[in-house]
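Tertiary structure, described
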Amino acid sequence: MDRLVYTALSGLRSQMQAQAAIANNIANASTIGYRADRVSFDRMMLTGSGFDTRQMASTSVHDADRGAGAMLQTDNPLDIAVTTDSWIAVQSASGPEAYTRRGDLSVAPSGVLETGDGFPVMGSGGPITVPPHESISISGDGTVSIVPPGGDPDQPQEIDKIKLVSTQGSDTVKGLDNLLHVRGGGVLPEDMEAGVRSGALEQSNVNLTQALVDMIENQRAYEVQANLLKEAKKMDEQTASLMRMPG
């Protein structure tokens, strides 16, 4: 009986986590560069001595769909879309370097180049700071150039290069900040083959139709687990009634 209850509870927990991930995906369907949350399920082992609660906590694994989103032409010189499997390095709120595909860049009042969600973009020596300028451009390899006030438009000045990294061969995981992090800490090396497309943005890779289908299927699976608990309770009550002594 205990195993039946633990199995149902584990299933309920996993379905709730999956439902939260699906809801988050739907809410971010229009977020630039967003990578859909994904929840996968591991096999749960029951030992002869009973249920292992440590394994119950690991029945679901959170990750992100690494597939690319659709490209949108904007003609904004500060908008970039990564054309390879690489990621843009940014400084996360907690300090360590993290990675994103969000390319709607802007220059903050402080001069720091940042993404649309406010994370400073990393260059060769740290966050990129843009001096006063009349115009700005980003080349195909991520090099940021400006024309200073009164400067020659035909001779832009390079100020830094956006750090683009590859996740190939590295253990990375998506965090609650929607950024990619190296599991256990650390930074990724620069990808010298990476490229970007200026004046374009990569959209979210969330498929709304599939997300709605997943939500319905997940709700049905949740109901199955809930009914399993009801049956376990009914069986327990029937067993208890058999144990009662007649008055």
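Residues numbered from 1 in each chain as written. Predicted model: local features only at pLDDT ≥ 70, side-chain atom pairs only at ≥ 80, totals over all residues. Heavy atoms only, no water.

**Considerations on the sheet that holds strand β11 (residues 135-138)**
- Strand order across the open sheet formed by three strands is β11-β12-β13, with antiparallel pairing between neighbours. Here the strands that pair on one side only, and so sit at the sheet edges, are β11 and β13 (157-161). Averaged over neighbouring strand pairs, the angle between their axes works out to 25° when direction is ignored.
- Both β11 and strand β12 (residues 143-147) contribute to a ladder of four bridges, which runs antiparallel. Along β12, the bridge assignment pairs S137 with S145. (Pairing = 2+ DSSP bridges. Helix = DSSP H or I, 4+ residues; strand = E, 2+ residues; numbered from the N terminus. Axes fitted to C-alpha atoms, helices over the stretch in contact; angles between N-to-C directions.)

**Focus: the packing of aromatic side chains**
- Enumeration over the complete set of coordinates arrives at zero aromatic pairs.
- Taking the ring centre of W87 as reference, the NZ or CZ of R35 above it sits at 5.8 Å. (Phe/Tyr/Trp six-rings, centres within 6.5 Å; stacked < 30°, edge-to-face > 60°. Lys NZ or Arg CZ within 6 Å of the ring centre and 35° of its normal.)

**Observations regarding the pairing of strand β7 (residues 87-91)**
- β7 sits mainly inside the fold: four of its five residues count as buried.
- Strand direction decides the pairing type here: β7 and strand β14 (residues 164-165), joined by two bridges, are antiparallel. If you follow I88 over to β14, its bridge partner there is L164.
- Where β7 and strand β8 (residues 97-100) come together, four bridges link them in antiparallel fashion. Pairing of A89 across the sheet is with Y99, part of β8.
- Hairpin remark: β7 followed by β8, antiparallel, with five residues in the connecting loop; positive phi at G95, about 115°. (Buried < 20%, exposed > 50% of the residue type's maximum accessible area, 1.4 Å probe, protein only.)

**Brief notes about the environment of V206**
- One can find V206 in the loop between β18 (200-202) and α3 (208-243).
- Accessibility expressed as a relative area gives 14% for V206, which makes it buried.
- V206 sits 139 residues away from G67 along the chain, and the two C-alpha atoms are 9.4 Å apart.
- With residues near it in sequence (within four places) discarded, V206 still touches N25, A29, Y34 and A36. (Contact = heavy atoms within 4.5 Å.)

**Describing the side chain of S204**
- Counting through the fold element by element, S204 comes out in the loop between β18 and α3.
- In this structure S204 comes out as buried when scored by relative accessible area, which is 10%.
- In terms of polar contacts, S204 uses its side chain to reach the backbone carbonyl oxygen of N28, at 3.4 Å.
- A polar contact is formed between the side chain of S204 and the backbone nitrogen of V206, at a distance of 3.1 Å.
- Beyond its immediate stretch of four places on either side in the chain, S204 contacts N28, A29, T31, G33, Y34 and G69. (Polar contact = N/O pair within 3.5 Å; in protein donor to acceptor, adjacent residues only side chain to side chain.)

**Focus: the environment of V130**
- Counting through the fold element by element, V130 comes out in the loop between β10 (113-114) and β11.
- With 30 residues separating them along the chain, V130 and D160 place their C-alpha atoms 8.8 Å apart.
- With residues up to four places along the chain from it excluded, the contact list for V130 reads V107, G111, L113, I136, I146 and I159.

**Side note on unusual backbone geometry**
- Despite not being glycine, D75 shows a phi value in the positive range, around 65°.
- Positive phi values are uncommon outside glycine, yet N178 reaches one of about 65°.
- Locating N178 in the fold gives a position in the loop between β15 (172-174) and β16 (180-182).

**Section: the nonpolar core**
- Among the nonpolar cores identified, the biggest contains 21 residues, and I88, L105, L113, I138 and I162 are the most heavily contacted of them.
- Breaking this core down by element, the ones donating at least two residues are β6 (80-82), β7, β11 and β12.
- Leaving out residues up to four positions away in the same chain, L105 has contacts with L78, D79, I80, L113, E114, T115, V121, I138 and I162.
- If you look at the next biggest cluster of nonpolar residues, it comprises eight residues, including W87, Y99, V165 and L180. (Core = buried A, V, L, I, M, F, W, Y, C linked by side-chain atoms within 4.5 Å.)

**As for the pattern of salt bridges**
- Following the criterion strictly, the structure yields seven salt bridges and no others.
- R101 is paired through a salt bridge with E202; the nearest N and O atoms lie 3.0 Å apart. Taken as a pair, R101 in the loop between β8 and β9 (106-107) and E202 in strand β18 lie far apart in primary sequence, 101 residues in all.
- Put simply, R183 and D171 hold a salt bridge, and the shortest N to O gap is 3.0 Å. Of this pair, R183 sits in the loop between β16 and β17 (196-198) while D171 sits in the loop between β14 and β15; the two residues are 12 residues apart in sequence, bridging distant segments of the chain.
- Among the residues examined, D171 registers a relative accessible area of 44% and is labelled partly exposed.
- Bridged by salt links that share partners, the residues R35, R101 and E202 form one connected network. (Salt bridge = Lys/Arg side-chain N within 4 Å of Asp/Glu carboxyl O.)

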